[in-house]
Amino acid sequence: MADTVNKSFTPYQPVAGEEYMNKKQQDHFRKILNDWKAELSHDIDRTVHTMQDEVTSFADPNDRASQESDMALELRNRDRERKLIKKIDETLRNIDSGDYGYCEGCGVEIGLKRLEARPTATLCIDCKTLDEMRERQVAK
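These numbers were taken from a predicted model, which means no experiment stands behind them. (Residues numbered from 1 in each chain as written. Predicted model: local features only at pLDDT ≥ 70, side-chain atom pairs only at ≥ 80, totals over all residues. Heavy atoms only, no water.)

A.B. asks: Please set out the overall build of the protein chain residue by residue, giving values where relevant.
C.D. replies: Within the protein chain, the secondary structure is distributed over four helices and zero strands. In the protein chain, the proportion of contacts linking residues at least 24 apart, taken out of those at least 6 apart, comes to 60%. With the model as given, the accessible surface of the protein chain reaches about 9400 Å², and the carbon-plus-sulfur share is 51%. (Helix = DSSP H or I, 4+ residues; strand = E, 2+ residues; numbered from the N terminus. Contact = heavy atoms within 4.5 Å. Areas by Shrake-Rupley, 256 points an atom, 1.4 Å probe, with all protein chains shown as cover.)

A.B. asks: Any chance you could break down the packing of aromatic side chains for me, citing the residues and the numbers?
C.D. replies: Going through the model one piece at a time under the given rule, you end up with two aromatic pairs. Seen from their ring centres, Tyr20 and Tyr102 are 5.3 Å apart, and the 85 degrees between their planes marks the pair as edge-to-face. In this pair, Tyr20 is assigned in the segment before helix H1 (23–54) and Tyr102 in the loop between helix H2 (61–97) and helix H3 (112–117), connecting sequence segments 82 residues apart. Judged by its relative accessible area of 12%, Tyr20 falls in the buried class. Using a relative accessible area of 29% as the deciding quantity, one classes Tyr102 as partly exposed. (Phe/Tyr/Trp six-rings, centres within 6.5 Å; stacked < 30°, edge-to-face > 60°. Buried < 20%, exposed > 50% of the residue type's maximum accessible area, 1.4 Å probe, protein only.)

A.B. asks: How would you explain the state of the cysteines if you had to name every residue and give the values?
C.D. replies: In a disulfide, the sulfur atoms of two cysteines are held together by a covalent bond. As enumerated under the stated definition, the model contains zero disulfides in all. Free cysteine: Cys127, not disulfide-bonded; nearest cysteine sulfur from Cys103 at 3.6 Å. (Disulfide = S-S within 2.5 Å.)

A.B. asks: Give a detailed account of the environment of Glu81, specifying residues and quantitative values.
C.D. replies: Among the secondary structure elements, Glu81 is positioned in helix H2. Looking at Glu81, the relative accessible area reads 8%, which means it is buried. Leave out the neighbours within four places in its chain, and Glu81 touches Leu40, Asp43 and Ile44.

A.B. asks: If you had to explain the environment of Gln13 to someone new, which residues and values would you point to?
C.D. replies: Following the sequence through the fold, Gln13 ends up in the segment before H1. In this structure Gln13 comes out as exposed when scored by relative accessible area, which is 61%. Counting along the chain gives 12 residues from Gln13 to Gln25, while the straight-line C-alpha distance between them is 9.3 Å.

A.B. asks: Residue-level account of the nonpolar core, with values.
C.D. replies: Counting 24 residues, the largest nonpolar core has Met21, Phe29, Ile88 and Leu115 as its most contacted members. At the level of elements, H1, H2 and H3 are the ones that each hand at least two residues to this core. Beyond its immediate sequence surroundings of up to four residues, Met21 is in contact with Gln26, Phe29, Tyr100, Gly101, Tyr102, Leu112 and Leu115. (Core = buried A, V, L, I, M, F, W, Y, C linked by side-chain atoms within 4.5 Å.)

A.B. asks: Give me H2: which residues, what numbers.
C.D. replies: Taking 1.5 Å per residue as the helical rise, H2 with its 37 residues ought to reach 54 Å, and the 54 Å between its terminal C-alpha atoms agrees with that figure. Phi for Gly98, located one or two positions after H2, is positive at around 85 degrees. (Expected span 1.5 Å × (residues − 1).)

A.B. asks: Can you break down the pattern of salt bridges residue by residue, with the values?
C.D. replies: For the structure shown, the criterion picks out 10 salt bridges. Asp27 is paired through a salt bridge with Arg30; the nearest N and O atoms lie 3.0 Å apart. Taken together, the positions of Asp27 and Arg30, both in helix H1 and three residues apart, correspond to about one turn of that helix. By relative accessible area, which is 23% here, Arg30 ends up partly exposed. (Salt bridge = Lys/Arg side-chain N within 4 Å of Asp/Glu carboxyl O.)

Structure follows, in structure tokens:
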């Protein structure tokens, strides 16, 4: 779930003629982001408690190596989630400042559907596509 939000929210249904990123829309995305952040924080806390409870010194080197490998993988996942929480916090600040929902590249509306799919998106689909094309060219 590292970069996708829990889909248990009700999609926003805009009213004809409704202004983009009005207070209702901002509140909708603020709730999605806060719920997502709470879920990630809960997962991180649970992992910490589980790892503290499961610290076992295995006599068998293979068992010990397997446990260490599992813990390392879990820690990498939680580190990604911590970074995502920082991105969520940044996104919440953008909502508060009135910058949320607009492309950082060209300034156009990102769109409600795209934001529901990726609430932390900062680029419209066109700018994101161009960005990915540039990344592929540099990687060659």
